[in-house]
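Residues per chain, in single letters:
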Amino acid sequence: MKCPLVLLLATALLLAGCGGRPKIRGASAPPDDARAYRQCMAEFGKLDVKIDPLPDRNFASGCSATHAVKLVAIGIPVTNLGAMKCMTALPFTLWVRDTVTRQAQAILGKPVVKIESFGTFACRPKNGVKGADLSEHGRANAVDISAFVLQGGQRITVLKDWNGPDPKARAFLRAVHQAACRRFSVVLGPDANAYHRDHLHFDMGKGPYCR
Ligand SMILES: [Zn+2]
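Scoring rules and cut-offs
- Residues numbered from 1 in each chain as written.
- Predicted model: local features only at pLDDT ≥ 70, side-chain atom pairs only at ≥ 80, totals over all residues.
- Heavy atoms only, no water.
- Salt bridge = Lys/Arg side-chain N within 4 Å of Asp/Glu carboxyl O.
- Buried < 20%, exposed > 50% of the residue type's maximum accessible area, 1.4 Å probe, protein only.
- Donors = N, O, S within 2.8 Å, 3.2 Å for Na, K, Ca; no water.
- Helix = DSSP H or I, 4+ residues; strand = E, 2+ residues; numbered from the N terminus.
- Phe/Tyr/Trp six-rings, centres within 6.5 Å; stacked < 30°, edge-to-face > 60°.
- Lys NZ or Arg CZ within 6 Å of the ring centre and 35° of its normal.
- Pairing = 2+ DSSP bridges.

(A) Examining the pattern of salt bridges more closely. Summed over all chains, the structure comprises 6 salt bridges. When the shortest N-O distance is used, the salt bridge between Lys 50 and Asp 52 registers 3.4 Å. Assessed through its relative accessible area of 44%, Lys 50 is described here as partly exposed. Close ionic contact of Asp 161 with Lys 160 constitutes a salt bridge, the shortest N to O distance being 3.8 Å. For Asp 161, a relative accessible area of 10% corresponds to the buried category.

(B) Just the coordination of the zinc ion, in detail. In this structure, His 137 (NE2), Asp 144 (OD) and His 201 (ND1) serve as the protein donors to the zinc ion, at separations of 1.9 to 2.0 Å. Mapping the donors of the zinc ion onto the primary sequence yields the spacing H-x6-D-x56-H. One end of the pair, Asp 144, is in strand 7 (residues 142-150); the other, His 201, is in strand 10 (residues 200-203), with 57 residues separating them in the sequence. For the pair Asp 144 and His 201, a shared accessibility class is recorded, and that class is buried.

(C) Representation of the packing of aromatic side chains in the model. Tallied over the full model, the rule gives 6 aromatic pairs. Between Phe 92 and Trp 95, the aromatic rings sit 5.8 Å apart at their centres with planes inclined by 25°, giving stacked as the arrangement. Of the two residues, Phe 92 and Trp 95 both sit in helix 3 (residues 86-108), 3 residues apart, roughly one turn of that helix. Each member of the pair Phe 92 and Trp 95 is classed as buried. Aromatic side chains Trp 95 and Phe 202 sit 4.8 Å apart centroid to centroid with 75° between the ring planes, which places their arrangement in the edge-to-face category. One end of the pair, Trp 95, is in helix 3; the other, Phe 202, is in strand 10, with 107 residues separating them in the sequence. The class of Trp 95 is buried, set by a relative accessible area of 0%. A connected cluster of aromatic rings, assembled from ring pairs, spans Phe 92, Trp 95, Phe 148, Phe 172, Phe 184 and Phe 202. Here the guanidinium or amino end of Arg 57 rests over the ring plane of Phe 121, the centre of that ring lying 5.7 Å away. A cation sits over an aromatic face here: Arg 174 above Trp 162, 4.3 Å from the ring centre.

(D) Representation of the pairing of strand 7. The element strand 7 is extensively covered by neighbouring structure, given that 9 of its 9 residues are classed as buried. Pairing analysis gives 6 bridges linking strand 6 (residues 112-119) to strand 7, with the strands arranged antiparallel. If you follow Ile 115 over to strand 7, its bridge partner there is Phe 148. The pairing of strand 7 with strand 10 spans 4 bridges and is classified as antiparallel. Across the sheet, residue Ile 145 finds its bridge partner in strand 10, namely Leu 200. Pairing of strand 7 with strand 8 (residues 155-157), which is carried by 3 bridges, proceeds in the antiparallel orientation. If you follow Phe 148 over to strand 8, its bridge partner there is Ile 156.

In structure tokens, the structure reads:
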């Protein structure tokens, strides 16, 4: 019975990570659904937007950006957008075009001319906490929104205005946060935890979770 022991040892050595790469728990992404991607791209084809499909990328650390697109023009300019899975980019586009546009007009009485984001793809664990599961950002499956610039220059930020003195800004942030919960699997804002005091996080991972 020497062989199984040798095998066990070899396996243990392999698992120990010969390359010495940082390991992130839960890094194995579920297999992507090619059909869902085709449907998603077809939906985008019906919208008056400009997107660029991106080549699939897989990283040694377990991160990936597959079935991803770059949003080039979706009605309102959004800063810092990188690779986004089509299945996340589509609800995000609709949130920008429909939700943000409508709520800005209804609550603030003027249009949003720019949306600021902290980005989409980032290969890191959840909340940047070492040893935590891979963030949906590591799969290009999430986006973080930090601020809205209105016509005339007023800038509404999640950090200053979520609990700030301007009731309209507070109402607007809560309205776009709440509406995002109908479009995304997971929505996190300042009421979720301190990590999200300065941005709204949207992702299409395991949900639903809305806070
Ligand atoms: Zn995030």
